[in-house]
Structure formats: structure tokens, C-alpha cells
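Summary of the model geometry
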Amino acid sequence: MPPDLAATQAFSIEIVQTLKKSGFQALWAGGCVRDLLLGRESKDFDVATNATPDQVRDIFGHDHTIPIGASFGVITVNGGRRRGQVEVATFRTDMGYSDGRRPDAVRFSSAEEDAQRRDFTINGMFYDPIEEKVLDYVGGRRDLKHGLVRSIGNPYLRFEEDKLRMLRAVRFSSNFAFDLELATQRAIREFARHIHVVSAERIAAEMRRMLADNHRMIAVRMLRDLSLLDELLPELNSVVGHALRWSETYQSLEALQTPNFSAAMALLLRYACQHSVLNGQSHHPIEPAAQIAVRWKLTNEETKTIQWLLRHERQIRQADQVAWPTLQRLLIAEPAPLLIAVGKAIQLAKRESTSGIEYAQSRIELPEEDLNPPPLLNGGDLIQAGYKPGPQFQRVLEKVRDEQLERRLTTAAQALEFVKTHWNNI
């Protein structure tokens, strides 16, 4: 069970109060301040303080703190299952980023200096939840008011320090429907080719958050315009260069009504994978999708779902013309609702009839006993009837299931008689 957000927020305020009573400055920092000012729910309530990591551990106890990020001045304070965990970071200045990902060393500093090393102005503010006061050293409130994502200080230095910030810039701009400041855009275009120094896991995490958002089409357009899409998904080059296919891809992402990463990826890769889908067998990997899954280290579930959606999107769009046993097997699969959402998005983008999708939706809403009735026979029944197990078993059971779903067989006795009659011809 995930922590209760209200309890986590209250816990973070308690941490601020405790640090203040111990004689230290303590403030909310980063995204939670931005979300508070935007009136959005925040999932994280990070605390920044002038207390050192050792002092934080002494105050809250070694049994209730985790020093995983201590070398960067970060201590995690554990509030238990219900209240969750809150990161407490000492105000710091970062001392160089030789690997383009993380600081080589840190120097503890003041709140104002700490703000200057953060990525974007809208993320660089502090808030005192006790006095209900915002501390803004970087112009974050102004940029929030004007809907603008702007690097703090020189954008070239910010992206040279941490290349992941390029993707974060796109995510914040798209998720909030904010403009991206021009100098920040220019710096991203110049650094785009260096995005590969970022770990696959961090790239995938940012792409998940972009593509599972309702503004995913803005993110994809920005990735293309900022030269990041060429670096992240070279498999799409032939699609982006084809005006009609790219327009349809973009419109299908906009039409997708289910905010889901795997569904969005299937739409994004549909044309890139089309040849592989049409010429491959159902158990073979769909090459472009499989390559991306390996490169980004996607989960097995994501990889399977994306390829399954790509294999079956054409069938679901023509569901009213598909034999019921074939359609039934699609509709009882776990990602079936995603398949319907993907199919509908494609039809809307193509401006073609959604009658097949509507038919599939009506069938998936059938009562369980009609959509997926218990099988009339299983392997044990065949063995008991005297048949020797072998490769034919699966084909026979599938044929019996087809006949059952078509309502030509309704009892186990009828099914066994069917097997006896057709065994040698199946």
C-alpha cells in the first residue's frame, strides 16, 4: 500500500518544525513548491536545510534515517508505511559534473546558493510551510505566472552539468503546457547529441512521464523540434520524414483517450514497425520495438504489451469483420482495453469509421459467462477419454474452443463426440 499523501505532507511539515526547533533553517524545496503555487497535488515533499547530513541523522535518529545520498548532502527520513519517506537535503553548491550526469563533489552552502544550482526557475523556489512564505531567488514565480520553463542562469552550463535536464525541460513544458524559453531551446538543440550519456533507465523514466500524460503530443513535437527525437528514436526517421504518416502519428497520440505509456509507444512506433508486423510471425519480436525496449531497458511487461498492441491494432479496428473466436481471444487478454483505445485513436486520426471499435467495446462489456465461458474440455478430459498427450492436444482443444464460442458445441459430451469425429482431421 503506497503512503498516504496527506500524511506524507504532514510528516514533511513535522520535519521542518523539528529542524527549526533545533535551531536550523528548513524549507520545502523544488517541485512541491511549484505544485503548491500551481494548485496541483504533489507526490513529493522534499525539505532543504542548513543542517548537515550528520546533524539531520542526529536529530531524527539513525534508526529512522537512511544515508543513501549522504555524499550529496541528502538524508532520507523514514516516517513508516503510512507517512512514507521524505528527503532532507543540505543546502549545497555542486562542484563540477565531469560525467554530465552527477556532481563530482558538493559544498554545503546557503538557500540562495542552493537555488542557483537547480535546473529551472519554476523548480528553484523554497517555501516555509510554517510561516506560509515563498522564498524565490531565481524568478520562479514570475515564470510560473507567464507559463514559461526557463533554465536558471546560463542554460548551456545547466545542460553541460546534467544532460537529463534536456528531457526534463520538455516534460515540464509539455505536462504544464508551458512555453520553453528561447535560449533554453537553443541550448538543448546544441546539446541534443549528448543525450546518450544519460542512463537508459533515466531516459525511459522521463519518456514514461511524458507519454503517459494527456499532453503527450506536445512532448513528441518538442522532442522532434529540439533534435532529441532523432537521437532517442532513430527508428522514426522515415516516419518523421513522411508528412502524411507523421501527421497521422501525431494526431493519433492526440486522440488517445487513455494516458498509458505502452499505448502511446505503440502509436508512436506503428508505422516504423508496420513491415515487421506484416511479415513476422506472432511469436517473433517486432524488431524496431524490440530494439527500443532493449535500449531503454523497458520492463518485460511493457515490452510484451507494446508488441502485442502493434500486432493486433489492425484486427481490433476491423473487429466487426473478425471471427468471434479470434476476437474473443483478444478481448479476454489483459491489455484489451488498451488495444481498443489504440484502435480508436488510429481510426480517429485516419478519419475513418470507428464501427469496428464500437463493436469490440460492446463485446468486451458482455457478462463474463458470455464473453469467456468455462472451456468444455481440457487436457485431462482428453487423457481420460483415452487420447495420448502430444502436439495435437493444443490444436484439438483450440478447435473445440472455437466451436464452443460459435455455440455449435454446448456440452462436454458434445465436445468429446466432436473430438472423436474430427481427431484425425484437426
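What counts and how
Residues numbered from 1 in each chain as written. Predicted model: local features only at pLDDT ≥ 70, side-chain atom pairs only at ≥ 80, totals over all residues. Heavy atoms only, no water. UniProt positions renumbered as here; feature names shortened; annotations may be inferred. Pairing = 2+ DSSP bridges. Helix = DSSP H or I, 4+ residues; strand = E, 2+ residues; numbered from the N terminus. Axes fitted to C-alpha atoms, helices over the stretch in contact; angles between N-to-C directions. 1 Å grid on protein atoms, 1.4 Å probe; cavity = no way out; pocket = protein on both sides within 12 Å on 5 of 7 lines; lining within 4 Å. Points joined across faces, edges and corners; volume = space filled by probe spheres on them. Nonpolar A, V, L, I, M, F, W, Y, C, P; charged D, E, K, R; others polar. Parallel < 35°, antiparallel > 145°, perpendicular 65-115°, else oblique. Left-handed = near helix turned anticlockwise from the far one by under 90°. Contact = heavy atoms within 4.5 Å. Core = buried A, V, L, I, M, F, W, Y, C linked by side-chain atoms within 4.5 Å. Buried < 20%, exposed > 50% of the residue type's maximum accessible area, 1.4 Å probe, protein only. Domains from an automatic or database assignment. Salt bridge = Lys/Arg side-chain N within 4 Å of Asp/Glu carboxyl O. Expected span 1.5 Å × (residues − 1).

Looking at an unreviewed UniProt entry, the protein carries the name CCA tRNA nucleotidyltransferase, with the source organism given as Bremerella cremea. The Cofactor (unreviewed entry) comment attached to the protein in UniProt states, word for word, "Mg(2+)".

Our focus in this paragraph is the sheet that holds strand 9 (residues 133-135). With mixed pairing, seven strands are arranged side by side in an open sheet as 3-4-5-2-1-8-9. What marks the edges here is a single partner per strand, and that holds for strand 3 (65-69) and strand 9. Across this sheet, the average inter-strand angle for adjacent strands is 35°, counted without regard to direction. Across three bridges, strand 1 (residues 26-29) lies against strand 2 (residues 47-49) in antiparallel orientation. The residue bridging Ala26 from the neighbouring strand is Thr49, located in strand 2.

Let us look at the layout of surface pockets. Its boundaries defined by the atoms lining it, the largest pocket holds a volume of some 1600 Å³. Along the walls of the largest pocket sit 44 residues, with Asp44, Asp46, Glu87, Arg168 and Arg209 positioned nearest its centre. Contributing elements (two or more residues each) for the lining of the largest pocket: helix 2 (31-38), strand 2, strand 3, strand 4 (74-78), strand 5 (85-90), strand 6 (92-94), helix 8 (164-175) and helix 10 (200-211). Element by element, the count of residues in the lining of the largest pocket is highest for helix 8, at six residues. By residue class, the composition of the lining of the largest pocket is 14 nonpolar, seven polar and 23 charged.

Our next topic: the packing of helix 16 (residues 287-296) against helix 17 (residues 300-317). Packed helices, taken two at a time, are described by their axes: the angle between them and the distance between them. Running from N to C, helix 16 and helix 17 cross one another at 165°; their axes reach a closest spacing of 10 Å. Overall, the two elements helix 16 and helix 17 adopt an arrangement that is roughly antiparallel. Taken as a pair, helix 16 and helix 17 cross one another with a handedness that is right-handed. Contact residues: Ala289, Ala290 and Ala293 in helix 16; Thr303, Ile306, Gln307 and Leu310 in helix 17.

Those residues carrying the UniProt feature "domain: CCA-adding enzyme C-terminal" (unreviewed entry) are residues 291-417 in this numbering. Counting secondary structure, residues 291-417 comes out at 69% helix and 0% strand; the distance between its end C-alpha atoms is 48 Å.

So, about the nonpolar core. If you look at the biggest cluster of nonpolar residues, it comprises 104 residues, and the most contacted ones within it are Leu228, Leu232 and Trp296. Looking at this core, you find at least three residues from each of domain 1 (1-146) and domain 2 (233-372). When neighbours within four sequence positions are excluded, Leu232 is seen to be in contact with Leu167, Ile195, Ile203, Met207, Leu223, Arg295 and Trp296. Counting residues in hydrophobic clusters, the runner-up holds 13 residues, among them Leu377, Phe393, Leu397 and Ala415.

Under the definition given, this model contains 25 salt bridges. With a shortest N-O distance of 4.0 Å, Asp370 and Arg407 are connected by a salt bridge. You can see Asp370 sitting in helix 21 (residues 368-371) and its partner Arg407 sitting in the loop between helix 23 (392-405) and helix 24 (412-422), a full 37 residues away along the chain. Given a relative accessible area of 33%, Asp370 falls into the partly exposed group. Here Glu403 and Lys399 are joined by a salt bridge, their closest N and O atoms 3.7 Å apart. Here Glu403 pairs with Lys399, and both are found in helix 23, just four residues apart, close to one helical turn. Of the residues examined, Glu403 reaches a relative accessible area of 9% and is grouped as buried. One salt-bridge network, held together by shared partners, links Glu248, Arg270, Glu313, Arg317 and Lys350.

When the terminal C-alpha atoms of helix 19 (residues 336-350) are compared, their 21 Å separation across 15 residues agrees well with the 21 Å that a helix rising 1.5 Å per residue should span. Among the 15 residues in helix 19, 11 count as buried, and that is most of the element. When we look at burial in helix 19, the residues that qualify are Ala336, Leu338, Leu339, Ile340, Ala341, Val342, Gly343, Ala345, Ile346, Gln347 and Ala349. Positive backbone phi, approximately 60°, marks Arg351, located one or two places after helix 19.

What follows covers empty space enclosed by the protein. Overall, the coordinates contain one cavity of 30 Å³ or more when judged by the stated rule. The computed volume of the largest cavity comes to approximately 40 Å³. Lining of the largest cavity is provided by Met265, Leu269, Ala289, Ile292, Ala293, Leu298, Thr303 and Ile306. Those elements giving two or more residues to the lining of the largest cavity turn out to be helix 15 (261-279), helix 16 and helix 17. A per-element tally of the lining of the largest cavity places helix 16 first, with three residues.

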